[in-house]
Amino acid sequence: MGAIASIISQYQWKQVIAIYVDDDYGRGGIMALGDALAKRKCKIAYKAKLPPGATNTTVEDILMQVNEMESRVYVIHVNPDSGLGVFSAAKSLGMMSSGYVWIATDWLSAVIDSSIHGNADVMELTQGVLVLRQHVADSNIQKALLSKRNNLTRNRSGYSTRAYDSVWLVAHAVERFLSEGNAISFSADPNLVATKGSSLQLDSLRIFNNGNKLLEKVWSMNFSGVSGPVQFTMDRNLVHPAYDILNIGGTGLRTVGYWSNSSGLSVVAPENLNSSALDSSTDNVQLHSVIWPGQISEKPRGWQFSYHGKPMRIGVPLRTSYKEFVMQDDGPDGVKGFAVDVFKAAISLLPYPVSCNFVLFGDGLKNPSYSDLVQKVSENYFDAAIGDIAIVTNRTRLVDFTQPYIESGLIIVAPAKEVESNAWAFLKPFTFQMWCVLGVIFLFVGAVVWVLEHRTNTEFRGPPRQQIMTVCWFSFSTMFFAHRENTVSALGRFVLLIWLFVVLIINSSYTASLTSLLTVQELTSGIQGLDSLISSSSAIGYQVGSFSRNYLVDEINIPESRLVPLNSPSDYARALELGSGNGGVAAIIDELPYVEIFLSKYCKFKTVGQVFTKSGWGFAFPRDSPLAEDLSTAILTLSENGNLQRIHDEWLSGTECGADNNGDASNSLSLSSFWGLFLICGLACLLALVIFFLRIFCQYNRYNSEVEVQFPEPQIVNRPARLTTIKSLISFVDKKEEEVKNALKKRPNGSQHPSIGDSQHPSMGNTATEEQSTLPT
């Protein structure tokens, strides 16, 4: 049964029908099959038991009952004397055709291997059947035996070889029993007495003394027999049992694979699995192709949609609000809506016809309880349920859902008030911190450009007051690209290029944010999110019939006294307008698709926070229904080919309010949005300043040591040398670049300027004196 369960799991069948003889052999086998299937999340859908010695009429009646069920995978576990009668009846009922799967335990292989049966007749009845046969590995012992006994060449079944090994097993056990000094003796059993009038002569039976010792020798045997290793486990089973998986076709059997309890399914014999000579191309192959009943090679679906000719009863919620999803209709189906159209489109993609009757569920006065609707499906009152049914944990324990056809989840809706634009709205695009940083960086960049341009650009020279005005004007005029001062130095142009790029980004961001603030009304609400709503004592609204009530009570522990049931969008709007203290609610928690429709009609409200549960809507079917899996595939197909979106747009895309009115208010741009730009600009400025001052220091050293000072500043007595040097450096920085270059071209006596690598440099303290001594009068 472990081998059969592996085969069923390999072909992804979920349900099987077991046909077995109603005796200890049959019941024990089917019980083991049920346990093996449960480990692989499969099950026996129905157990068809045959009375021992059942007549052909009885077998046909049982098969006719089985044929009306959905499952088309049959496991037949009967005795050899009655098994062929089952296949004969199945063939006469047309159950050996395409779409059916028959798997037989090893009784059928024993029948086929036996020479006393007509193989041609057996093959005719069992075309396409999968059958197990006890695996017998090829060995020298087996070949030697077959060469001596030609009559065994036609019978290599596991039963015959194990019967042969069983004789040797007992012989080895008796030999060991006697070699240990044990004697064979028998004694009478006082419990066995002759019965008057009976010919059984029970008192003649004897008991084998020391029988337990002999039995221990049997269980401890370990030798190689014709059938392979003969050894038993602690629970007295053969070690590593294995089966051949055979496919009956034509006039013979074809091996499609093997099974063992240690390696599972494989196309390689169990004794060769550990061989290093295995072909790597067979590593991932578990079974070879099978020719199924009806001479088809494609794997059967394993079930047939059949409700005994009756249409499926489909439960549909009778909604009183949000009828876009499902509503009552005067047409032939009696219902219409987004969910109904999705279900019909998915059904049309199935490879088999499905007839449906839609049955409304609810009283029409309020939205029905969707949990009750799902319960009806689990009780088989409905064959399925469609509509806006949320897939939540409690419901998945009762039924199977299809793939979600729309995303959902709970979200908060709260009242909002309009905030009109004011005279200072132009300041809102940036935060106060951002405005302060902008002012500082504008001045900083202007100062850097002034430093870089002061020595070479006459527009950045003049009296101190004029230079300060130039820095301020140049800094802020770059915001509008209206600066009139030109940059002539390479470093100044480099800094200005980087800065203008930053200004472009800032201007674009400011314009976009201001436009959004002036054209989109800002909506604010006192509810900040789920946490603030939970911590408050305000009333909370929920939709009648929705799972949101159970979620609020069971998951986040909201007292029921705070919950207010609401039925329609107009009830939502009225409750939100009244507020929590006036008989209304402070907020409503509902599923996202409902909220989107509500906000499209009532523009005075907004969503708060994000969706705090992730779920979807699907169609409900009874547990292990194969139709749920096929419909899931159909829904995915609808999503991929665009039809699902088309149906969505047809029913749910109409809105009366602008989409932006329900969004969150635009936030002011903060420093965190631009710190990367400012960092780049700052690094460019610092790099330019470092290069500039390194160049200045080099010029200053050469100028101090080799160039005569034409207008020396008289020395001041007792002035520290450090202050004199700093003042001299500042005076040098303030000189024009052209003046410095002209001075460096000549030596004091008018000779050519020495090379920069000249090693003679007077000290800084004597520079002023030497310069003064060479000045003309």
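By convention here, each chain's residues receive numbers from 1 onward along its written sequence. With pLDDT at 70 or above as the cut-off, local features in this predicted model cover only qualifying residues; side-chain atom pairs require 80 or more to be listed or tallied, and sums for whole chains, interfaces and linings still use all residues. Hydrogen atoms and water are omitted, and side-chain values are computed over all heavy atoms in the structure.

1. Quick word on the nonpolar core
Keep this limit in mind: Here, the term nonpolar core denotes a set of buried Ala, Val, Leu, Ile, Met, Phe, Trp, Tyr and Cys residues that are joined through side-chain atoms within 4.5 Å. Categorising residues by exposure relies on relative accessible area from a 1.4 Å probe, with only protein chains included: less than 20% of the type maximum marks a residue as buried, more than 50% marks it as exposed, and the intermediate range marks it as partly exposed. Strands are runs of DSSP state E lasting at least 2 residues, helices are runs of H or I lasting at least 4, and numbering of each runs from the N terminus. Working rule for contacts: check all heavy atoms of both residues, and any pair within 4.5 Å makes them a contact.
In this structure, Phe343, Tyr405, Phe598 and Phe621 are the most contacted members of the largest nonpolar core, which totals 84 residues. Considering each element in turn, this core owes the most residues, eight residues, to helix H10 (residues 338-348). With sequence-adjacent residues up to four places away left out, Tyr405 is seen in contact with Phe338, Ala339, Val342, Gly387, Asp388, Trp617, Gly618, Phe619, Ile635 and Leu644. Listed in part, the 32 residues of the second largest apolar core include Ile17, Leu50, Tyr74 and Ile76.

2. What about the UniProt feature "transmembrane region" (unreviewed entry) in the protein?
This is how the line gets drawn: UniProt positions are given in the numbering used here, feature names are shortened, and annotations may be inferred rather than shown by experiment.
The positions that UniProt labels "transmembrane region" (unreviewed entry) are, in the present scheme, residues 432-452, 494-512 and 674-694. The span residues 432-452 is 100% helix and 0% strand, and its two end C-alpha atoms sit 31 Å from each other.

3. Some details on a nonpolar patch on the surface
Counted only if it meets this: Here a patch means residues that are over 30% exposed by relative accessible area and free of salt bridges, tied together within 9 Å if like-charged and within 5 Å if nonpolar (Val, Leu, Ile, Met, Phe, Trp, Tyr). For the accessible areas, the method is Shrake-Rupley and the probe is 1.4 Å, while residue cover comes only from the protein chains on display. Basic side-chain nitrogens of Lys or Arg form a salt bridge, by our definition, when they fall within 4 Å of a carboxyl oxygen of Asp or Glu.
Judged by side-chain polarity, Phe444, Trp675, Leu679, Leu683 and Leu686 come together as a nonpolar surface patch covering roughly 530 Å² of accessible area. No other element matches the four residues that helix H22 (residues 675-706) contributes to the nonpolar patch. Among the structural elements, Trp675 can be located in helix H22. Residue classification places Trp675 among the exposed residues on the basis of a relative accessible area of 55%.

4. Details of the sheet that holds strand E23 (residues 540-543)
Stated formally: Think of it this way: DSSP has to see at least two bridges between two strands before they count as a pair. To define axes, lines are fitted to C-alpha atoms, for helices over the stretch in contact only, and angles between the resulting N-to-C directions are given on a 0 to 180 degree scale.
Spatially, E24-E23-E25-E20-E26 is the arrangement adopted by the five strands of the open sheet, whose pairing is mixed. Looking along the sheet, the strands with just one partner apiece sit at the ends: strand E24 (563-566) and strand E26 (605-608). Sheet twist, expressed as the mean angle between neighbouring strand axes with direction ignored, is 35 degrees. The pairing of strand E20 (residues 410-415) with strand E25 (residues 587-591) spans four bridges and is classified as antiparallel. Across the sheet, residue Ile412 finds its bridge partner in E25, namely Ile589.

5. Looking at the packing of helix H13 (residues 432-453) against helix H14 (residues 464-477)
For the record, the criterion: Orientation categories follow fixed angle ranges, with anything under 35 degrees roughly parallel, anything over 145 roughly antiparallel, 65 to 115 roughly perpendicular, and all other angles oblique. A crossing counts as left-handed when the near helix is turned anticlockwise from the far one by less than a right angle, and as right-handed when that turn is clockwise. Note on residue categories: nonpolar means Ala, Val, Leu, Ile, Met, Phe, Trp, Tyr, Cys or Pro, charged means Asp, Glu, Lys or Arg, and polar means any other residue, Gly included.
At a minimum axis distance of 8 Å, the contact between H13 and H14 shows a crossing angle of 120 degrees. Taken together, the axis directions place H13 and H14 in an arrangement best described as oblique. Like other packed secondary-structure pairs, H13 and H14 cross with a definite hand, here right-handed. Of the residues in H14, those touching H13 at Gly439, Phe442, Leu443, Gly446, Ala447, Val449 and Trp450 are Gln467, Val471, Cys472, Phe474, Ser475 and Phe476. Taken together, the residues of the contact of H13 with H14 break down into nine nonpolar, four polar and no charged.

6. Some points on the pattern of salt bridges
Summed over all chains, the structure comprises 14 salt bridges. Taking the shortest distance from any N to any O, the salt bridge between Asp329 and Lys336 comes out at 3.9 Å. Given a relative accessible area of 32%, Lys336 falls into the partly exposed group. Here Glu577 makes a salt bridge to Lys604, at a shortest N to O gap of 2.8 Å. Of this pair, Glu577 sits in helix H18 (residues 569-578) while Lys604 sits in the loop between helix H19 (592-601) and E26, and the two are 27 residues apart along the sequence. Salt bridges sharing common partners tie together Asp22, Asp24 and Arg27.

7. So, the packing of aromatic side chains
Rules: Note on ring pairs: Phe, Tyr and Trp rings are taken, using the six-membered ring of Trp, and paired if centres are within 6.5 Å. Classes follow the plane angle, with under 30 degrees stacked, over 60 edge-to-face and the rest tilted. Our definition puts a charge over a ring when NZ of Lys or CZ of Arg is within 6 Å of the ring centre and also within 35 degrees of the ring normal.
Within this structure, the stated rule accounts for 27 aromatic pairs. With centroids separated by 5.3 Å and ring planes inclined at 80 degrees, the aromatic side chains of Trp303 and Tyr352 adopt a geometry described as edge-to-face. With Trp303 in the loop between strand E12 (264-266) and strand E13 (312-317) and Tyr352 in the loop between H10 and strand E16 (356-361), this residue pair connects regions lying 49 residues apart in the sequence. Judged by relative accessible area, which is 9%, Trp303 ranks as buried. Here the aromatic rings of Tyr381 and Phe382 are separated by 4.8 Å at their centres, their planes lie at 75 degrees, and the arrangement is edge-to-face. On the basis of relative accessibility, which here comes to 1%, the residue Phe382 falls in the buried class. Among the aromatic residues, ring-to-ring pairing joins Tyr322, Phe325, Tyr572, Tyr594, Phe598, Tyr602, Phe605 and Trp617 into one connected group. When the ring centre of Trp303 is taken as reference, the NZ or CZ atom of Arg301 above it lies at 5.1 Å.

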